[in-house]
Amino acid sequence: MSFDFEGKTYETDDDGYLVNLDDWNEGVAGYIAEQEGVEMTEAHWEVVNFLRNYYAEYNIAPAIKILIKEMKKMFGPEKGNSAYLYNLYPAGPALQACKIAGLPKPTGCV
Amino acid sequence: MLDQLEQGPWPSFVTDLKQLAASKATVGQLLGQLEKSYRDRWDYWTGTVLNLSGYGGGVLARYSDLRDEFPEVAQFHTVRIIEPSGYVYSTEALRELCDISEEYSAGILQLHGMTGDVLMLGSDNQATHAAGEALMSKGWDIGGSGGALRTISCCIGPARCEMTCFDTLGLAKFLTDTFISELHRPEFPYKFKFKLSGCANDCAGSMMRSDLPLIGTWRDDIKVDQEAAAGFIEQNGEEFVIGNVVSRCPTRCISLRGGRLDINNDNCVHCMHCINVMHSALRPGDDRGATILIGGKRTLKIGDMFSSLLVPFMKMQTQEDWDALVDLVRRIWDFWTEYALEHERVGEFIDRISMTSFLDGIGLEPDPRMVKEPRTNSYIKFEEYGPPRFHGEPPQPPNVVDREVIGPEADEAAGNPNRQSGADEAIPDGGNAGDANKAGGGAKGAS
């Protein structure tokens, strides 16, 4: 599968996750978010940027418990809990935020 | 092949589904796929995740691999509905569930799953979202799938049973409300289950089916109504009582002397057997609470595990008691989510890292009773039935009176400091341990 954005074609997997990590930029992230029905605010970018940094370091998307824990460390307990993250990304922070961050679809049950 | 399941004396789900298939095309195709599964000995479902908005759990998504052959069951999802404490429903509530199930799913309700939830089977992607909305508008909630807390189930407890040692219904509701976020959104390595049983009969099956079972118990003496016991003996005969009560006591602590039941409470393991048989004559004691165990589960990384003891006794009566339980649970979750492997239940986690490390991790002082098997060695005797002791807390004095210091000697020991101080002085005065013993012995002999 693929989609076109600003004159360029982006290759994705069956679920709409970018195939090439390097294709990602903020513009395309905004486009995917729009398709997902998510309006990106600064809080949304915090999560996306965290996910990308984490992926760059460990080459894997973090498990949800690690995401929550690290968010708590960086931004405090009011942002480091699952209710906050699901509020930002109602379809699930792992699935939806990873898609917007241009990471592969997380495996496992979340 | 399915027809064979209709033969025999028992009710068959095939018959039920065939009836339902008359009004629901989905169910007919479901039977078709099942028939093919049985013939080919292959499971044609692919399981994945479908999240309702804001929820990470509560729906088990099932997609058929035979969607061309059976298009109606291409999406056949299960919604997990949180059940009321003790499975107590009004008929109105059940009708609501049936109506919603009829409208949005294949009309199949499963009461209840192994987890203790209500399962609503057979909705497609769109209907699942609509069903979620419909359920929530009527005050139901969903949750408990993936690496999340499972719905909390309990025995009927104080609603029907006078033997219950704590309010299982109230506590189950309190835990559901307190941990609702963990029920909605998976954030654990794998599932976590509570089950609450009011006594050692364990009607909720908590010991082998949950990660954290709470089983009601008491720490004072079992209550005996000798008059009722005499009535029971008269009605059923001494032989019946000896055969079914006295000789079936696992620790042989009951005897029948001259028509009176005599129970040695020191040896009683609170198994409930005698109370079950002679429920008019025997009752659990008044000082009731719960024993907390940890780590029961079915086969996963390693084979089936029974839970083992974590806290011998905790009162479960007041809000403070319940808050203390929540504190203990949060300690367990913090440590387990931090260090467990993916898909590792807490029982397997303890098996891997050892009970010592686990207790250290959750900050609980080790206790000789935290063993995998119940006490079988009669040389080990526990006098102390105290609440859990966390790191840094001083040992609490035993609340069970030591039999050896009852009587005139105990009065003297309490009222006459000479014995103790005499022994203390004997050591610096050039004596030795032998003198100290002599001094102590002398005081005792003088009484």
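Please read all numbers here as calculations on a predicted model, not as lab measurements. (Residues numbered from 1 in each chain as written. Chains lettered and ligands numbered in written order. Predicted model: local features only at pLDDT ≥ 70, side-chain atom pairs only at ≥ 80, totals over all residues. Heavy atoms only, no water.)

Counting its regular elements, chain A contains 5 helices and 2 strands. The linear arrangement of helices and strands in chain A, starting from the amino end, is β-β-α-α-α-α-α. Taken along the three principal axes of its C-alpha coordinates, chain A extends 40 × 25 × 25 Å. Scored against the burial criterion, the 110 residues of chain A give a buried share of 48%. Taking the contacts inside chain A whose residues are at least 6 apart along the sequence as the reference set, 49% of them involve residues at least 24 apart. On chain A, roughly 5,700 Å² of surface is accessible, and the fraction owed to carbon and sulfur atoms is 48%. For chain A, the separation between the mean place of its 9 positive charges and that of its 17 negative charges on side chains is 11 Å. (Helix = DSSP H or I, 4+ residues; strand = E, 2+ residues; numbered from the N terminus. Buried < 20%, exposed > 50% of the residue type's maximum accessible area, 1.4 Å probe, protein only. Contact = heavy atoms within 4.5 Å. Areas by Shrake-Rupley, 256 points an atom, 1.4 Å probe, with all protein chains shown as cover. Lys, Arg positive; Asp, Glu negative; His and termini not counted. Charge placed at Lys NZ, Arg CZ, Asp CG, Glu CD.)

Residue and element names in this part refer to chain B. Residues F194 and L196 point to one face of strand 7 (residues 194-197) and K195 and S197 to the other, with burial holding for every one of them. By the bridge criterion, 2 bridges tie strand 6 (residues 153-154) to strand 7 in an arrangement that is parallel. Residue pairing for strand 7: S153 is matched across the bridge by K195. Sheet topology note: the strand 7/strand 8 (residues 212-218) ladder contains 4 bridges and is parallel. Following the sheet pairing, S197 is matched in strand 8 by I215. (Pairing = 2+ DSSP bridges.)

For the rest of this paragraph, the subject is the interface of chain A and chain B. Many analyses report the size of an interface as the accessible area lost when the parts associate. The interface is formed by 14 residues belonging to chain A together with 19 residues belonging to chain B. Summing the contributions of chain A and of chain B, the shared interface buries around 1,300 Å²; its carbon and sulfur component is 52%. Where chain A meets chain B, there are 1 salt bridge. Here E338 of chain B ties to K69 of chain A by a salt bridge, and the two come within 2.3 Å at their closest N and O atoms. Linking chain A with chain B are 6 residue pairs in polar contact (both at pLDDT 80 or more), by the criterion used here. (Buried area = accessible area lost by both parts, 1.4 Å probe. Salt bridge = Lys/Arg side-chain N within 4 Å of Asp/Glu carboxyl O. Polar contact = N/O pair within 3.5 Å; in protein donor to acceptor, adjacent residues only side chain to side chain.)

Moving on, we get to the confidence of the model for chain B. All names here are of chain B. Within chain B, residue pLDDT values average 85, and 84% of them lie at 70 or more. Predicted confidence is poor over residues 416-447, with pLDDT under 50, and the contacts of this stretch with residues over four places away or in other chains come to 15 contacts. Scored as a complex, the prediction yields pTM 0.80 and ipTM 0.77. (pLDDT = per-residue confidence, 0-100.)

All names here are of chain B. The strand order across the open sheet built from 5 strands is 6-7-8-13-14, with neighbouring strands paired in mixed fashion. Strand pairing shows two members of the sheet lacking a second neighbour, strand 6 and strand 14 (308-314), which therefore form its edges. Note that strand 13 (residues 288-294) and strand 14 share 4 bridges and pair antiparallel. The residue bridging A290 from the neighbouring strand is M314, located in strand 14. Strands strand 6, strand 7 and strand 8 of the sheet are contacted by helix 5 (residues 168-178), whose axis makes an angle of about 165° with strand 7. (Axes fitted to C-alpha atoms, helices over the stretch in contact; angles between N-to-C directions.)

Residue and element names in this part refer to chain A. Three or more residues of helix 1 (residues 26-36) are buried, namely V28, A29, I32 and A33. One side of helix 1 carries all its buried residues, which in axial view fall inside an arc of 145°. Lining the buried residues of helix 1 we find strand 1 (2-5), strand 2 (8-11), helix 2 (42-58) and helix 5 (93-100). The opening residue of helix 1, the one whose side-chain oxygen lies 2.9 Å from the backbone nitrogen of G27, is N25. Directly after helix 1, the chain includes G37, whose backbone phi takes a positive value near 75°. (Arc of directions from axis to C-beta.)

Our next topic: the pattern of salt bridges. On inspection of all chains with the given rule, the structure shows 22 salt bridges over all chains. Here E36 of chain A ties to K99 of chain A by a salt bridge, and the two come within 2.8 Å at their closest N and O atoms. Placement of E36 of chain A in helix 1 and of K99 of chain A in helix 5 is noted, with a sequence separation of 63 residues between them. For the salt bridge of R345 of chain B with D211 of chain B, the shortest nitrogen-to-oxygen distance reads 3.0 Å. Taken together, the residues R345 of chain B in the loop between helix 11 (319-339) and helix 12 (346-353) and D211 of chain B in the loop between helix 7 (206-209) and strand 8 connect sequence positions 134 residues apart. Of the two residues, R345 of chain B and D211 of chain B, both sit in the buried class. Overlapping salt bridges bring together D3, E6 and K18 of chain B as one network.

Let us now look at helix 5 of chain B. Given 3.6 residues per turn, any residue in an α-helix points the same way as the ones three and four places further on. Residue and element names in this part refer to chain B. When you tally the buried positions in helix 5, you get 8 out of 11 residues, the bulk of the element. Restricting attention to buried positions, one finds in helix 5 the residues T168, L169, G170, L171, A172, F174, L175 and T176. Against the buried residues of helix 5 lie strand 6, helix 6 (180-184), strand 7, strand 8 and helix 11.

Residue and element names in this part refer to chain B. In this structure the tally under the stated criterion is 22 aromatic pairs over all chains. With a centroid separation of 4.8 Å and 50° between ring planes, the pair formed by F188 and W333 is classed as tilted. Highlighted residues: F188 in the loop between helix 6 and strand 7 and W333 in helix 11, separated in sequence by 145 residues. Accessibility expressed as a relative area gives 9% for F188, which makes it buried. W333 sits in the buried class, given a relative accessible area of 4%. Between F194 and W333, the aromatic rings sit 6.2 Å apart at their centres with planes inclined by 65°, giving edge-to-face as the arrangement. (Phe/Tyr/Trp six-rings, centres within 6.5 Å; stacked < 30°, edge-to-face > 60°.)

Moving on, we come to the sheet that holds strand 2 (residues 59-64) of chain B. By way of backbone hydrogen bonds, the strands of a sheet pair with one another, either parallel or antiparallel. Residues and elements named next belong to chain B. Judged by pairing direction, the sheet is antiparallel, and its 5 strands sit side by side in the order 1-2-3-5-4 without closing on themselves. Pairing within the sheet leaves two strands with one partner each, and these edge strands are strand 1 (45-49) and strand 4 (108-111). Direction aside, the axes of adjacent strands within the sheet are offset by 25° on average. Here strand 4 runs beside strand 5 (residues 118-123); their pairing, made up of 4 bridges, is antiparallel. Counted as the bridge partner of L111 is V118 from strand 5.

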